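So the chains spell out like this:
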Amino acid sequence: MDAQVIVVGAGPVGLLLAGELRLGGVETVVLDRLAAPTDESRASTLHARTMEIFEQRGLLDALGSPPNDPRGHFGGLPLDLGGLATPYPGQWKVPQTVTERVLGAWAAGLGADVRRSRRVRRVVPGGDRVAVEVEGPAGPERLTAAYVVGCDGEGSTVRTSAGIAFSGTDEEKWLLRADVAGIDVPDRRFQRLDRGMAVAARRPDGVTRVMVHEFGAPAAPGGRSPDFAAVAAAWKRVTGEDVAAGEPLWVNAFGDVSRQAERYRHGRVLVAGDAAHAQMPVGGQALNLGLQDAFNLGWKLAAEVRGDAPAGLLDSYHGERHPVGERVLSNIRAQTRVLLGGPEMEGVRALFGELLALPSARTRLASAITGLDVRYGADDDERVGTRLEPAPLDTDDGPTSTAALLRPGRGVLLDLSGRAAAAWAKWNDRVDVVTAAARADGPLAGLGAVLLRPDGHVAWAAPADAAGADPRPALRRWFGDRGDG
């Protein structure tokens, strides 16, 4: 075989997945049709849960000091994203070019083999491997791997070749978008005018991103790739301002498509990111949803390839992420109606505005949009399945944090009471057992021990006064049986 796993698509999702696989010791090849990383800005928002993921892998410093906006929105209505249980509230403005550069350098540094100018034509599953037919610089190639993951976007060749259904609805409403130099228009945040809705945001480099939607417009001129003249004309009809003399750096359109793969895994073929779900990128949720797919999948697929995954671990990728994707698509559909609806939606918008002023409603929606409310599975202990808020710790070796302990991409069993049993060490080839003291006012307060999956979600927890609490059933569930352990 040419690799243990082939990842198709070198965007942020594919690169994060490649890095996760390399942390797990998996030979990984990434194929991308582009000769070089894109210079288009595209998605520019990272939410709190994604920032926590970057912290867990030691990547925050590489992002620099991105601007933070404490405000988000729900369907264009202001939504305060502060006050949540995270060190990273609000929206972090990181151009996709930067995100790709950081993830690309990290994955390559771990040994991922990124091959560009490779257009995947077809994947052919068969027996114990998958063949990937590729058109490369030297002509046709045929590569094989134990598994193939499609991170190749909404029109995924991998998903289509594998016969995975992509059900849902196509676009009915469109936003035209352009990054334009040399124009001077007022900044506006989801301004509703008589003929449509307009957004303008001037960046520090003087480039202005404009977005415009005309109420009742049946389609985007030119489809997904309109020319700048179409954007300028729509902008003038809606705002009365003329931006036609500006220099367009990037132009596109996106609509309210809402589709989801019926299966995220089909044998040895899996999908993640926009290959698994297509949605309007309202509120920056699309990129973050895809990155969180990759973070859930990487450690599981690595364990499967190594041969030490417990039964059902890889299938839990679909079981956990498909419901999350379904719920995000549902909230995006609701937001799209509120955002792009015409005068007939004013009553609904007024009602939502009143609801968003209520702390409970604000917290619920902010937690959903930022990905902080994701809980995998059901358990009597309400902590199990949730992500652990980054927490400071004290060890014999000095201060550390849960995020730092998770950096190697392994499980972590935190012994907070000094009662670790020798039997727990049977998993030390895949789980780090760490004795530590938690801060009295932190998220670990009151716990005697906690088992974290490599993605930072809680697999098991025991109160400080629970003498003899046994993590071994959870260790077997997530990290495999260790004989009489």
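Our subject is the structure listed above.
Model, not experiment: these values are computed from the prediction.

A. Expanded view of the sheet that holds strand 18 (residues 258–261). Read from one edge to the other, the open sheet built from 3 strands follows the order 12-18-21, with strand pairing classed as antiparallel. One side of each edge strand has no neighbouring strand; the edge strands of this open sheet are strand 12 (166–169) and strand 21 (277–279). For this sheet, the mean inter-axis angle between neighbouring strands, taken without regard to orientation, is 10°. In the sheet, strand 18 pairs with strand 21 via 3 bridges, with the strands oriented antiparallel. Considered in strand 21, the bridge of Gln 260 is made with His 277. Sheet strands touched by helix 7 (residues 315–340): strand 18 and strand 21. Its angle to strand 18, the strand with the most contacts, is close to 175°.

B. Summary view of a nonpolar patch on the surface. A contiguous nonpolar surface patch, about 250 Å² in accessible area, is contributed by Leu 351, Leu 355 and Leu 358. Take Leu 358: it is sitting in the loop between helix 8 (346–356) and helix 9 (359–370). Taking relative accessible area as the criterion, Leu 358 reaches 42% and is therefore assigned partly exposed.

C. Broad picture of the packing of aromatic side chains. Enumeration over the complete set of coordinates arrives at 6 aromatic pairs. Joined through ring pairs, the aromatic side chains of Trp 299, Trp 478 and Phe 479 make up one cluster. Positioned over the ring face of Phe 166 is Arg 159, at 3.6 Å from the centre of the ring. It is Arg 268 that lies over the ring of Tyr 147; its NZ or CZ is 4.9 Å from the centre.

D. View of the packing of helix 2 (residues 48–56) against helix 6 (residues 285–306). Running from N to C, helix 2 and helix 6 point in directions that differ by 40°, and their axes come no closer than 10 Å. On the basis of their axis angle, the class for helix 2 and helix 6 is oblique. Along this stretch, helix 2 crosses helix 6, giving a crossing that reads as left-handed. Every residue of helix 6 that contacts helix 2 at Arg 49, Thr 50, Ile 53, Phe 54 and Gln 56 is listed here: Asn 288, Leu 291, Gln 292 and Phe 295.

The rules behind the values
Residues numbered from 1 in each chain as written. Predicted model: local features only at pLDDT ≥ 70, side-chain atom pairs only at ≥ 80, totals over all residues. Heavy atoms only, no water. Pairing = 2+ DSSP bridges. Helix = DSSP H or I, 4+ residues; strand = E, 2+ residues; numbered from the N terminus. Axes fitted to C-alpha atoms, helices over the stretch in contact; angles between N-to-C directions. Contact = heavy atoms within 4.5 Å. Patch = residues over 30% accessible without salt bridge, like charges linked within 9 Å, V, L, I, M, F, W, Y side chains within 5 Å. Areas by Shrake-Rupley, 256 points an atom, 1.4 Å probe, with all protein chains shown as cover. Salt bridge = Lys/Arg side-chain N within 4 Å of Asp/Glu carboxyl O. Buried < 20%, exposed > 50% of the residue type's maximum accessible area, 1.4 Å probe, protein only. Phe/Tyr/Trp six-rings, centres within 6.5 Å; stacked < 30°, edge-to-face > 60°. Lys NZ or Arg CZ within 6 Å of the ring centre and 35° of its normal. Parallel < 35°, antiparallel > 145°, perpendicular 65-115°, else oblique. Left-handed = near helix turned anticlockwise from the far one by under 90°.

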